[in-house]
Amino acid sequence: MRVLLIGSGGREHALAVGLAADPSVDHLVAAPGNPGIAGVAELRAVTATDPAAVAALAVEVAADLVIVGPEAPLVAGVADAVRAKGIACFGPSAAAARLEGSKEFAKDVMAAAGVPTAGYYACSSPDEVQRALDEFGPPYVVKNDGLAAGKGVVVTSSPEEALAHARECGRVVVEQYLSGPEVSLFVVTDGTAAMPLMPAQDFKRVRDADEGPNTGGMGAYAPLPWAPADLVERVMTETVEPTLAEMRGRGTPFAGLLYVGLALTPAGPKVIEFNARFGDPETQVVLALLATPLGGLLHAAATGTLGSHPPLEWHPGAAVTVVVAAHRYPGTPRTGDVITGAERPGVIHAGTARNAEGALVSAGGRVLAATATGADLAAARAAAYALVDGISLAGSHHRTDIALRAVEGTITA
Ligand code: AMP
Ligand code: GLY
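Predicted model only: the values in this text are computed from it and were never measured.

## Digging into the sheet that holds strand β16 (residues 256–265)
Line of reasoning, step 1. If you trace the four strands from one edge of the open sheet to the other, you get β11-β10-β16-β17, paired in antiparallel fashion. A single partner strand is all that each edge strand has here, and the edge strands are β11 (194–196) and β17 (268–275). Shown here is a sheet whose adjacent strand axes are inclined to one another by a mean of 35°, direction ignored.

Spelled out as structure tokens, the structure:
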């Protein structure tokens, strides 16, 4: 099978590594890709958010399967344009990707489907925002309605900061605060059949001990030794099945990757957000442990045959990934710094590029994700940090506590 992978981040590098290892994938093209992905795929140029351009490329490379990594192309209708050419595509339609593209739409679907989630108000005026903040009380949660690359959410005890974020965004969703450890559950679905992957935990805040502003994600690990044994089954029953049924009922079935972001609250797992694609950097750890060939799995979801796919198989042990971020990230990152130590197995490229001299340089906020497996979480964590220690990038920073509390056994759900 010939596969075209769309995107250029760490998630796409992790997907590319998984696809390249699948014997049923005989040719892998990635567009636009990055220098890490170039190690396992043929790179082509494309504007990933241009549906006609991606569809034309899929035809040109004779793709049997197109996989769309990031959310912006999905929301723009890239999967629809590819399918219109008669080519199988892993990724939801624009109509279904609204589960990620609009927080208000996602809340409306959850309410209709009876999915456990935080109470909320959709607000467009400062008065409405103020009333919602007063009703819920601190900590305040204010979310940009649209796509914001993981940085549209402010959680704060300061009413001024909450109001200021709402003013900047225009239309927002103000939510009740959910307390409890967070879990990311990825579900592969063809719209009807659904297969959960292994739950993972992401670290959203930029600094150790969950301090500082939110980011796209600073590290991740799996499995979650502290998670309740019935977690996945419960989320499939209470959240995933009703959401997929609601989307089918609306005539816009969701097929692709449903990312369920959860808080394990004292009242049970509640949805923090839906995304319409694999999460980054959780993908790096989940795929490092997946033994089932990735291309075949995604092809089954893209062709409506997931119901007859064999059960998933997993490697034993654990995986940890640590993001190495550029100077000033999550503010405007400095780019163009030379990187060394990044061309090793397990070092996943996110924001990297080649300069005119061919040297590897930083080109984004999250530059690399050092990913390792081990017999247990402690071993995987040590191996991931050993990879980080071998990387040199001027001004870079990373968290030193990824998976630490899980190793110490101090997380309770
Ligand atoms: P989101 O983009 O919706 O995932 O939000 C980013 C991060 O903000 C989440 O991973 C949580 O850490 C936090 N967050 C979002 N919504 C809530 C909520 N209702 N209660 C507590 N924390 C939240
Ligand atoms: N890891 C968070 C995200 O992909 O949105």
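Once the structure has been displayed, the description carries forward.
## Remarks on the site of ligand 2
Line of reasoning, step 1. All residues in the neighbourhood of ligand 2 are listed as D202, K204, G216, Y259, N275, R277, G279, D280 and E282.
Line of reasoning, step 2. Interatomic distance of 2.7 Å between a side-chain N/O atom of R277 and an oxygen atom of ligand 2.
Line of reasoning, step 3. When the free accessible area of ligand 2 is taken as 200 Å², the share hidden by the protein chains comes to 93%.
Line of reasoning, step 4. Each residue belonging to the shell around ligand 2 can be placed in one class, and the counts come to one nonpolar, three polar and five charged.

## Description of helix α11 (residues 294–302)
Line of reasoning, step 1. By the criterion of burial, α11 is predominantly enclosed, with seven of the nine residues buried.
Line of reasoning, step 2. Taken residue by residue, α11 has L294, G295, L297, L298, A300, A301 and A302 as its buried positions.
Line of reasoning, step 3. Downstream of α11 by one or two residues, G304 has phi in the positive range, about 70°.

## A closer look at the site of ligand 1
Line of reasoning, step 1. With respect to spatial proximity, 14 residues lie near ligand 1, and among them E175, L178, E182, K204 and E273 are the closest.
Line of reasoning, step 2. In this structure, an oxygen atom belonging to ligand 1 sits 3.2 Å away from a side-chain N or O atom of K103.
Line of reasoning, step 3. For ligand 1, whose free accessible area comes to 470 Å², the fraction covered by protein is 93%.
Line of reasoning, step 4. For the shell around ligand 1, the secondary-structure elements that each account for two or more residues are β7 (140–144), β8 (153–156) and β17.
Line of reasoning, step 5. By residue class, the composition of the shell around ligand 1 is six nonpolar, two polar and six charged.

Here is what the cut-offs are and how they apply
Residues numbered from 1 in each chain as written. Chains lettered and ligands numbered in written order. Predicted model: local features only at pLDDT ≥ 70, side-chain atom pairs only at ≥ 80, totals over all residues. Heavy atoms only, no water. Pairing = 2+ DSSP bridges. Helix = DSSP H or I, 4+ residues; strand = E, 2+ residues; numbered from the N terminus. Axes fitted to C-alpha atoms, helices over the stretch in contact; angles between N-to-C directions. Near = heavy atom within 4 Å. Polar contact = N/O pair within 3.5 Å; in protein donor to acceptor, adjacent residues only side chain to side chain. Areas by Shrake-Rupley, 256 points an atom, 1.4 Å probe, with all protein chains shown as cover. Nonpolar A, V, L, I, M, F, W, Y, C, P; charged D, E, K, R; others polar. Buried < 20%, exposed > 50% of the residue type's maximum accessible area, 1.4 Å probe, protein only.

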